[in-house]
Amino acid sequence: MEDIKARLLPAKPSPVLNPRDASYRASPFARQPFQGVDVLGLKKRGQGLRSWIRVDAATGDSQVIEVDKFTMMRRCDLPARDLRLLDPLFVYPSTILGREKAIVVNLEQIRCIITSDEVLLLNSLDSYVLQYVVELQRRLKAGGADDVWQSESSDFNRRRGGRTFRDMFGGTSADYLPFEFKALEVALEAACTFLDTQASELEIEAYPLLDELTSKISTANLERVRRLKSRLVALTRRVQKVRDEIEQLMDDDGDMAEMYLTEKKRRMDSLFYGEQSIPGYRSVDGGLSISAPVSPVSSPPDCRRLEKNLSLARSRHDSARSSESATEHIDELEMLLEAYFVVTDSTLNKLTSLKEYIDDTEDFINIQLDNVRNQLIQFELLLTTGTFVVAIFGVVAGIFGMNFQITLFDSPSAFKWVLIITGVSGAILFGSFLWFFKHRRLMPL
């Protein structure tokens with residue numbers, strides 16, 4: 001891993017010349033450059049150069065190149081909005097786009113452009129990017145000795161070693177995969193592995209925490225569960241997006257047909273080198289030939305325009321034929337996508353089960369809190385009833401405490417009878433309240 005990091009790291013830029021050097025002070029009348037401005041750095045940033053990791057399809061070798069945005073658009077025949085999906089400064093959902101000459105992949109940390117001849121990744125020190133490069137190189141070099149291209153047949157046969165997600169789910173066929181599908185498979189495997197690893201780590205952290213929360217409800221545990229649920233929702237959204245993107249590709253045969261880049265390139269090459277008459281070529285006897293092209297300088301403008309139009313028409317017709325032919329045998333790509341669709345669906349089910357467990361825990365906690373709240377309400381009701389009964393003694397004491405004279409005050413046993421009568425009346429009143437509460441089922445008595 002250290003070797004691949006050292007090989008993929010961009011070279012250190014050369015130091016900028018100091019404007020105060022002797023070469024700048026050679027002529028006193030020379031115009032001085034701007035002081036304190038990195039002119040070369042501004043030029044480089046103005047060009048929009050970015051460091052890319054290029055993996056060659058034929059050899060599997062990787063190298064670091066610096067290409068600006070417009071050169072990359074012309075090189076891969078992509079619009080600017082597709083390159084914007086690969087910008088690390090912006091956060092875009094997972095996307096897989098099939099274009100005429102390239103496949104744009106934005107899956108978690110893997111952001112790359114796949115063509116029939118190469119893979120271009122944004123240079124990064126992320127471990128998943130480096131692992132993607134290493135794994136792709138390993139499969140290309142291992143497959144170079146095992147894969148056999150059958151030019152007589154339109155079917156693709158694949159012979160390769162290693163265990164992938166498809167092997168885990170029972171896909172044991174040894175069909176040939178073109179380079180773009182190998183690169184796409186490594187990207188899908190890296191993304192699915194990353195998401196499944198995060199889901200497993202979340203499960204390991206979540207279940208003990210939820211069990212602890214059910215036994216001890218505290219503010220700290222509730223805060224930890226809140227952060228855990230936020231991470232779960234964000235991870236579920238990402239897994240759902242990857243799953244929906246794969247499902248959308250599987251449902252659209254045209255998009256899958258557009259991703260057969262090697263097949264389209266082979267058809268274009270066969271058309272270009274095939275035995276077809278091309279306007280502007282002459283034979284020895286005055287007819288047409290494909291051995292001696294006429295110079296475009298000496299050709300009339302109408303002839304050159306006609307040749308260009310015919311070339312464009314052949315290109316479009318060949319692209320349409322390629323799409324129609326690829327639509328008929330897209331089973332390989334569909335099986336590839338289906339294998340990783342099952343993986344993402346399994347990860348999504350795992351996260352869904354965890355979310356349901358969190359919801360069940362929240363319901364259990366709410367039931368516990370409701371039970372405690374009901375007990376407090378019952379205690380408050382009993383306390384209020386007792387306070388009302390005791391208040392009767394206060395009313396009697398207030399009545400006898402008034403400043404008036406009666407014969408009852410002269411009886412020695414009057415105080416005792418007042419207490420007995422008042423206590424019995426209060427007990428009867430309290431018992432009546434309890435019977436009423438039990439009859440109305442306001443509390444279990």
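Please read these numbers as outputs of a predicted model, since none were measured by experiment. Within each chain, residue numbers correspond to sequence positions counted from 1 in written order. With pLDDT at 70 or above as the cut-off, local features in this predicted model cover only qualifying residues; side-chain atom pairs require 80 or more to be listed or tallied, and sums for whole chains, interfaces and linings still use all residues. Excluded from the side-chain calculation are hydrogens and water; included are all heavy atoms of the structure.

Looking at the overall build of the chain
At step 1: When helices and strands are counted, the chain shows 13 helices and six strands.
At step 2: Buried, partly exposed and exposed residues are distinguished by accessible area as a fraction of the type maximum, computed with a 1.4 Å probe on protein chains only: under 20%, between the cut-offs, and over 50%, respectively. For the chain, the residues scored as buried account for 32% of the 445 residues in total.
At step 3: Across the chain, contacts joining residues at least 24 apart in sequence account for 65% of those joining residues at least 6 apart. Starting at the N terminus, helices and strands are each numbered in turn, a helix being any DSSP run of H or I of at least four residues and a strand any DSSP run of E of at least two. The criterion used for residue contact is that any of the two residues' heavy atoms lie within 4.5 Å.

Considerations on the nonpolar core
At step 1: Ranked by internal contacts, the top residues of the largest apolar core, which has 63 residues, are I114, V119, L121, Y132 and L333.
At step 2: For this core, the element with the most residues is helix 7 (residues 179–215), which contributes 18 residues.
At step 3: Those residues in contact with L121 that sit more than four places away from it in its chain are S51, W52, I53, V55, R111, C112, V129, Y132 and V133.
At step 4: By convention a nonpolar core is built from buried Ala, Val, Leu, Ile, Met, Phe, Trp, Tyr and Cys residues, the set being connected through side-chain atoms within 4.5 Å. Membership of the second largest hydrophobic core comes to 16 residues, among which are M73, C76, L85 and L97.

A look at unusual backbone geometry
Most peptide bonds take the trans configuration, and most residues that are not glycine carry a negative phi.
At step 1: Located in the positive-phi region is D77, a residue other than glycine, with phi close to 55°.
At step 2: Considering the arrangement of structural elements, one finds D77 in the loop between helix 3 (69–76) and helix 4 (80–84).
At step 3: Even without a glycine there, the phi angle at E108 is positive, about 55°.
At step 4: Relative accessible area serves as the criterion here: at 16%, E108 is assigned to the buried category.

Considering the pairing of strand 1 (residues 50–56)
It is a general feature of regular strands that their side chains alternate between the two faces of the sheet.
At step 1: For strand 1, the tally of buried residues reaches six of seven residues, placing the bulk of the element in the interior.
At step 2: By the bridge criterion, six bridges tie strand 1 to strand 2 (residues 62–67) in an arrangement that is antiparallel. Along strand 2, the bridge assignment pairs W52 with I65.
At step 3: The criterion for strand pairing is that DSSP finds at least two bridges linking the strands in question. Here strand 1 hands over to strand 2 after five residues, with G60 in that stretch at a positive phi of 80°.
At step 4: As paired strands, strand 1 and strand 6 (residues 118–122) are joined by five bridges and run antiparallel to one another. The residue of strand 6 that forms the bridge with W52 is L122.

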